[in-house]
Amino acid sequence: MNYLIEKLIAGFKELFKSRLDLSKGTRFTSLVFIALAMIVATGVLFAANTYYDLDTQEIITEEVQRATELTRATGGLIAGGSAGDTLSGDVKLQVSGGDFRVGAGNFTVDDSTGDTDIAGNLGVTGTSSFADTATFEGDAVWYDGASSYAGFDNDQGGATVYSLPGSSPTNGYVMSTDGSGNLQWVDAESTVSGDI
């Protein structure tokens, strides 16, 4: 009986005995194999967080990705939306459910209020019909960051645009209009008639 048990144990040892004959240089080969295995494992982990949703026909990524080169969304891009969101008209970029920010707050659009904040200079270049024109539906106001405001408010309706004079005024001059939207500098004394 003991002989049979010893024979079985010897058979199992023979079955699991390594038949790999290691020769010189196998350590480098093993190192390359391990490195390749780690690269493949990294790719598998990345792919595990990115998949294609057949129902919504979207590529879903469930972690933060950084694009260090050009990212081109030829069909448009919706950031922060849900699966049912679509782009309307000629819209190519839509930010849903949050603020839109460029840089460290240099250009921010507040989603809840619609306010736009620009830190720095604003250059306005228009189309052929509104060349270099900024159009305000309400008041045009300049704010110094404290409590002082300077602005324009056109309550008369219509589409009158007042053109400021192209030169600086001379001392004692005031701004005058010709009634057609053209402003000019005139001598204050020439605008006065009669005794004061």
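What counts as what
- Residues numbered from 1 in each chain as written.
- Predicted model: local features only at pLDDT ≥ 70, side-chain atom pairs only at ≥ 80, totals over all residues.
- Heavy atoms only, no water.
- Phe/Tyr/Trp six-rings, centres within 6.5 Å; stacked < 30°, edge-to-face > 60°.
- Helix = DSSP H or I, 4+ residues; strand = E, 2+ residues; numbered from the N terminus.
- Expected span 1.5 Å × (residues − 1).
- Buried < 20%, exposed > 50% of the residue type's maximum accessible area, 1.4 Å probe, protein only.
- Pairing = 2+ DSSP bridges.
- Contact = heavy atoms within 4.5 Å.
- Axes fitted to C-alpha atoms, helices over the stretch in contact; angles between N-to-C directions.
- 1 Å grid on protein atoms, 1.4 Å probe; cavity = no way out; pocket = protein on both sides within 12 Å on 5 of 7 lines; lining within 4 Å.
- Points joined across faces, edges and corners; volume = space filled by probe spheres on them.
- Nonpolar A, V, L, I, M, F, W, Y, C, P; charged D, E, K, R; others polar.
- pLDDT = per-residue confidence, 0-100.
- Patch = residues over 30% accessible without salt bridge, like charges linked within 9 Å, V, L, I, M, F, W, Y side chains within 5 Å.
- Areas by Shrake-Rupley, 256 points an atom, 1.4 Å probe, with all protein chains shown as cover.
- Salt bridge = Lys/Arg side-chain N within 4 Å of Asp/Glu carboxyl O.

A. Representation of the packing of aromatic side chains within the structure. On inspection of all chains with the given rule, the structure shows one aromatic pair. For the pair F100 and F107, a centre-to-centre distance of 6.2 Å together with 80° between the ring planes defines the contact as edge-to-face.

B. Broad picture of helix α1 (residues 2–15). Over its 14 residues, α1 extends 20 Å from the first C-alpha to the last, a length consistent with the 20 Å expected when each residue adds 1.5 Å. Sparse coverage of α1 is indicated by the burial of zero of its 14 residues.

C. Expanded view of the pairing of strand β10 (residues 173–177). Sheet analysis places β10 next to strand β11 (residues 183–187), joined by five bridges and oriented antiparallel. Each bridged residue has a counterpart across the sheet, and for Y173 the counterpart in β11 is D187. Linking β10 to β11, which pair antiparallel, is a turn of five residues; within it G179 sits at a positive phi near 90°.

D. Geometry of the environment of F152. As for its placement among the helices and strands, F152 is situated in strand β9 (residues 149–152). For F152, a relative accessible area of 57% gives the class exposed. Note: C-alpha distance between F152 and G138 (14 residues apart in sequence) is 9.1 Å. Leave out the neighbours within four places in its chain, and F152 touches D139, A140 and W142.

E. Here's a closer look at the sheet that holds strand β5 (residues 100–102). Spatial strand order, β5-β6-β7: three strands in an open sheet with antiparallel pairing. Each edge of the open sheet carries a strand with a single partner, namely β5 and β7 (116–118). Ignoring strand direction, the axes of neighbouring strands in this sheet form an average angle of 5°.

F. Examining the environment of T74 more closely. With respect to the helices and strands, the residue T74 is situated in the loop between β2 (58–61) and β3 (77–79). Note: C-alpha distance between T74 and K92 (18 residues apart in sequence) is 8.5 Å.

G. Region of interest: helix α2 (residues 26–48). Between its first and last C-alpha, α2 extends 33 Å over 23 residues, near the 33 Å set by a 1.5 Å rise per residue. Little of α2 sits out of view: just zero of its 23 residues are buried.

H. Layout of the layout of surface pockets. Roughly 830 Å³ of internal volume is contained in the second largest pocket. Looking at the second largest pocket, it is lined by 23 residues, and the ones nearest its centre are I59, G76, L77, I78 and A79. Of all elements in the fold, only β2 and β3 reach the threshold of two or more residues within the lining of the second largest pocket. It is β2 that contributes the most residues to the lining of the second largest pocket, four residues altogether. By residue class, the composition of the lining of the second largest pocket is 10 nonpolar, eight polar and five charged.

I. Structural detail: the confidence of the model for the chain. Per-residue pLDDT for the chain averages 78, and the proportion of residues at 70 or more is 83%. Ranking the elements of the chain by mean pLDDT puts β9 last, at 71, and strand β6 (residues 107–109) first, at 88.

J. Fine view of a nonpolar patch on the surface. Together, M1, L4, I5, L8, I9, F12, L15 and F16 make up a nonpolar patch on the protein surface, roughly 940 Å² of accessible area in all. Its location among the elements puts F16 in the loop between α1 and α2.

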